[in-house]
Amino acid sequence: MNKKQLRKQIFQKELQIKKLHLHQSSTEFCNQLYNSLILEKAILKKDLDNLEKNPLMEFVKKTFSSKEKLICDYWKRS
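Residues numbered from 1 in each chain as written. Predicted model: local features only at pLDDT ≥ 70, side-chain atom pairs only at ≥ 80, totals over all residues. Heavy atoms only, no water.

### Side note on the overall build of the protein
Stated formally: A run of H or I in DSSP becomes a helix once it reaches four residues, and a run of E becomes a strand once it reaches two; helices and strands are each numbered from the N terminus. Contacts: residue pairs with any heavy atoms within 4.5 Å of one another. Residue exposure ignores everything except the shown protein chains as possible cover, and the areas themselves are Shrake-Rupley values with a 1.4 Å probe.
Scanning the protein from N- to C-terminus turns up three helices and zero strands. Element order for the protein, N to C, with α for helix and β for strand: α-α-α. Here the contacts in the protein between residues at least 6 apart in sequence split such that 63% fall between residues at least 24 apart. Approximately 7,300 Å² of the protein is accessible, and the part contributed by carbon and sulfur atoms is 59%.

Below is the structure:
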């Protein structure tokens, strides 16, 4: 999937969520549908974020970033 398609699907999910929110009743089906739409939208957004990441920059950041020290690292013996 390309970025344009993902953005279109995210927009469609947002519209569905808004429509459902306006007509929300207390039924279990409505709540399940609402929750599944929120989850699908989050997955699509994550896919879009992953497409927008530059793999080379991610590699450089990972390689040159300082390693986070944990308190237990101070007592490790080499």
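### Some points on the confidence of the model for the protein
What counts, and what does not: Residue-level confidence of the predictor is what pLDDT reports, using numbers from 0 through 100.
In the predicted model, the protein carries a mean pLDDT of 81, and 87% of its residues have values of at least 70. Looking across the protein, the model is least confident in helix α3 (residues 55–64), with a mean pLDDT of 82, and most confident in helix α2 (residues 28–52), with 86.

### Regarding the environment of Leu 44
Going by this rule: The cut-offs for exposure are 20% and 50% of the maximum accessible area for each residue type, with area from a 1.4 Å probe on protein chains only; residues under the lower value are buried, those over the upper are exposed, and the others partly exposed.
Counting through the fold element by element, Leu 44 comes out in helix α2. Note on Leu 44: relative accessible area 10%, which makes it buried. Taking C-alpha positions, Leu 44 is 8.2 Å from Arg 7, a pair spaced 37 residues apart along the chain. The contacts of Leu 44, once residues within four sequence positions are left out, are Leu 6, Gln 9, Ile 10 and Lys 13.

### Regarding the pattern of salt bridges
Which entries qualify depends on this criterion: Any carboxyl oxygen of Asp or Glu within 4 Å of a side-chain nitrogen of Lys or Arg constitutes a salt bridge here.
One pass over the structure, following the stated rule, counts three salt bridges. Across the salt bridge formed by Arg 7 and Glu 52, the nearest N and O atoms sit 2.6 Å from each other. Highlighted residues: Arg 7 in helix α1 (residues 3–22) and Glu 52 in helix α2, separated in sequence by 45 residues. The exposure class of Arg 7 is partly exposed, given its relative accessible area of 44%. For Glu 40, the salt bridge is made with Lys 13, and the minimal N-O distance between the two is 2.5 Å. Of this pair, Glu 40 sits in helix α2 while Lys 13 sits in helix α1; the two residues are 27 residues apart in sequence, bridging distant segments of the chain. Its relative accessible area of 35% is what places Glu 40 among the partly exposed residues.

### A word on the side chain of Lys 13
With relative accessibility at 17%, the residue Lys 13 sits in the buried group. In this structure Lys 13 touches Leu 37, Glu 40, Lys 41 and Leu 44, once residues within four positions along its chain are discounted.

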